[in-house]
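Report on the structure
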Amino acid sequence: MTTKTQMRYGDPVALVQQAAGLFATHNTRNTQMARLTGAMPKGTSGATATLRKQTTAHMPIVRAQDLGKGRGDEVNFHLLNPVGAKPIMGSKYAEGRGVGMKLSEDRLRVNQARFPVDLGDVMTQIRSPYDFRQLGRPVAQALMDKYVDQTLHVHMAGARGYHNNIEWVVPTDADPDFAEIMVNTVKAPTKNRHFIADGGNGVKPFTVAAGEVDLTTTDLFKMDTVDGIRTYMEQIALPPPPVIFEGDKAATDSPLRVLLVSPAQYSGFATDPNFRSFQASAMARAGQAGNHPLFLGEAGLWNGILIVKMHKPIRFYAGDTIKYCADFETETESSCIVPASFGTNFAVDRAILLGGQAVAEAMAAHKDSSLPFFWSEKELDHGDKVELLLGAIRGVSKIRYEIDHGNGKQITDYGATVIDTAVPIIGARN
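Residues numbered from 1 in each chain as written. Predicted model: local features only at pLDDT ≥ 70, side-chain atom pairs only at ≥ 80, totals over all residues. Heavy atoms only, no water.

1. Looking at the overall build of the protein
Summing up its helical and strand segments, the protein has 10 helices and 22 strands in all. Looking at the protein as a whole, 48% of its 430 residues qualify as buried. For the protein, restricting intrachain contacts to residue pairs at least 6 apart in sequence, the fraction spanning at least 24 positions comes to 71%. A total of about 21,200 Å² of accessible surface is found on the protein, and carbon and sulfur atoms cover 52% of it. (Helix = DSSP H or I, 4+ residues; strand = E, 2+ residues; numbered from the N terminus. Buried < 20%, exposed > 50% of the residue type's maximum accessible area, 1.4 Å probe, protein only. Contact = heavy atoms within 4.5 Å. Areas by Shrake-Rupley, 256 points an atom, 1.4 Å probe, with all protein chains shown as cover.)

Right under this line is the structure:
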């Protein structure tokens, strides 16, 4: 005779197994942000490899997973600044003339985020044909995955925007819990990484006129915008590093950057007569990049830029505030608004050009699961009611340098550049 053992609510073994399963599911999820993160290193051994792992620096999202305990709630990143120098030729004296190196230090905080789900009471279980315990896990998993992806998205963009519906688990910055939910400060784009569309002339640096962003409703996302971005990246010193997909045979000869665009921006781009050829180019390049899934969705490749549609926009409506940095040398933020002339038919959407090392994501271990994810089930009211909870300990921050260009220092978002454009919108603000 076979005996079936069912684990009770709150069983410690079940909780660890659930946490491990949920974390594994999260890491293999087929979402846009997951595709922008490299895989954890494989084949390493020893305590150091187990306690601290970091994904490749050639992808936009760099994840550090620290499973050690007692390390506090901050992770320090020491970033080696780019170095410039000229060679010393022939027999000229070289000793003591070594080029200096400078480390920039940044701190990234982690905090726990938790999603409790009410599984109902005894009468709920009696009346319903469904097992609410089984239904609860995917509900909690979906909420956590949204939270992770949306916090990455907002930190990349340097703003949450004001588009808001039930799909958002991260509220707008008007919500009193916004700062705590984001864990680390959302930093507006640095002056040298913030642009706006300029009609048929490509892009120009972010500009303010009489307290309003210098955009009109005709400054849409077009092919000229993409060309302007590429031209600017080729002309500036120390542009965002290219994204290198694992196994990409053309990475050296044909470097790529990824441009995330809103659905409205993508729709405007898709009207171009050459759009089908852009999609075909992305499919062809996918074959050289190990058929990476980022190429195979709603994407087009043009002029070294892989254009990918985001699921949700970073959007600013007429009268909404846009934060920006007015000076190259500081992180001090200023504010302007979207012109009232945008009315209810137009808004400003933010595209995000990503290179390697755009944002850092740190994950720490929970005391019970020894993993970044943790799971709990609890009976309430003398066993009548049951609640489950899924949590994660993590934090995200944009990677930023102070770079000495020789004629002055500039605060620089290393791998993230944003481009604000006008977009037509349909229906009421949401």
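Moving on from the model shown.
2. A few points about the packing of aromatic side chains
Scanning the model with the defined rule gives five aromatic pairs in all. Between the aromatic rings of tyrosine 401 and tyrosine 414, the centroid separation amounts to 4.6 Å while the plane-to-plane angle is 65 degrees, which identifies the pairing as edge-to-face. Remark: tyrosine 414 occurs in the loop between β21 (409-413) and β22 (416-424) and tyrosine 401 occurs in strand β20 (residues 400-404); sequence separation between them is 13 residues. An identical accessibility class is assigned to tyrosine 401 and tyrosine 414; each is buried. The side chain of arginine 160 reaches across the aromatic face of tryptophan 168, ending 3.6 Å from its centre. For the cation-ring pair, lysine 191 lies above phenylalanine 328, with the distance from its terminal atom to the ring centre recorded as 5.3 Å. (Phe/Tyr/Trp six-rings, centres within 6.5 Å; stacked < 30°, edge-to-face > 60°. Lys NZ or Arg CZ within 6 Å of the ring centre and 35° of its normal.)

3. Considerations on helix α7 (residues 223-235)
Taking 1.5 Å per residue, 13 residues should reach 18 Å; α7 reaches 19 Å between its end C-alpha atoms and fits that length. Three or more residues of α7 are buried, namely Met223, Thr225, Val226, Gly228, Ile229, Arg230 and Met233. (Expected span 1.5 Å × (residues − 1).)

4. Some details on the pattern of salt bridges
Evaluated as defined, the whole model comprises eight salt bridges. Of the charged contacts in the structure, one is a salt bridge between aspartate 214 and lysine 204, with a shortest N-O distance of 2.8 Å. One end of the pair, aspartate 214, is in the loop between β9 (212-213) and α7; the other, lysine 204, is in strand β7 (residues 203-205), with 10 residues separating them in the sequence. We classify aspartate 214 as partly exposed; its relative accessible area is 27%. The exposure class of lysine 204 is partly exposed, given its relative accessible area of 21%. Of the charged contacts, one joins aspartate 413 and lysine 398 as a salt bridge, the two residues approaching to 3.1 Å between their closest N and O atoms. With aspartate 413 in strand β21 and lysine 398 in strand β19 (residues 385-398), this pair connects stretches of sequence that are 15 residues apart. Pair check on accessibility: aspartate 413 and lysine 398 agree, each one buried. Within the structure, one salt-bridge network assembled from shared partners comprises Glu331, Lys398, Arg400 and Asp413. (Salt bridge = Lys/Arg side-chain N within 4 Å of Asp/Glu carboxyl O.)

5. Side note on the nonpolar core
Formed by 64 residues in total, the largest nonpolar core has its most connected members in Met156, Leu260 and Leu354. Of the residues forming this core, the biggest block, eight residues, is contributed by helix α5 (residues 132-157). Not counting chain neighbours up to four residues away, the residues in contact with leucine 354 comprise Leu36, Pro60, Met156, Val243, Arg257, Val258, Leu260, Gly415 and Ala416. Formed by 18 residues, the second largest nonpolar core is a distinct cluster that contains Ile229, Met233, Ile305 and Leu353. (Core = buried A, V, L, I, M, F, W, Y, C linked by side-chain atoms within 4.5 Å.)

6. Quick word on the pairing of β22
Most of β22 sits out of view: eight of its nine residues are buried. As paired elements, strand β6 (residues 194-197) and β22 share three bridges and run parallel to each other. Within β22, the residue paired with histidine 194 across the bridge is valine 418. Here strand β16 (residues 346-354) runs beside β22; their pairing, made up of nine bridges, is antiparallel. Along β22, the bridge assignment pairs alanine 351 with isoleucine 419. (Pairing = 2+ DSSP bridges.)

7. Some details on the side chain of asparagine 192
Considering the arrangement of structural elements, one finds asparagine 192 in the loop between α6 (178-182) and β6. Within the structure, the side chain of asparagine 192 is placed 2.9 Å from the side chain of threonine 190, a separation counted as a polar contact. Side-chain polar atoms of asparagine 192 contact the side chain of threonine 412, separated by 2.9 Å. Those residues in contact with asparagine 192, other than ones at most four positions away along the chain, are Phe328, Gln410, Ile411, Thr412 and Asp413. (Polar contact = N/O pair within 3.5 Å; in protein donor to acceptor, adjacent residues only side chain to side chain.)

8. Topic: the environment of lysine 385
Assignment of secondary structure puts lysine 385 in strand β19. The partly exposed category is assigned to lysine 385, whose relative accessible area is 31%.

9. Remarks on the confidence of the model for the protein
Of the residues in the protein, 73% reach a pLDDT of 70 or more, and the chain-wide mean stands at 79. Predicted confidence is poor over residues 1-7, with pLDDT under 50, and the contacts of this stretch with residues over four places away or in other chains come to five contacts. (pLDDT = per-residue confidence, 0-100.)

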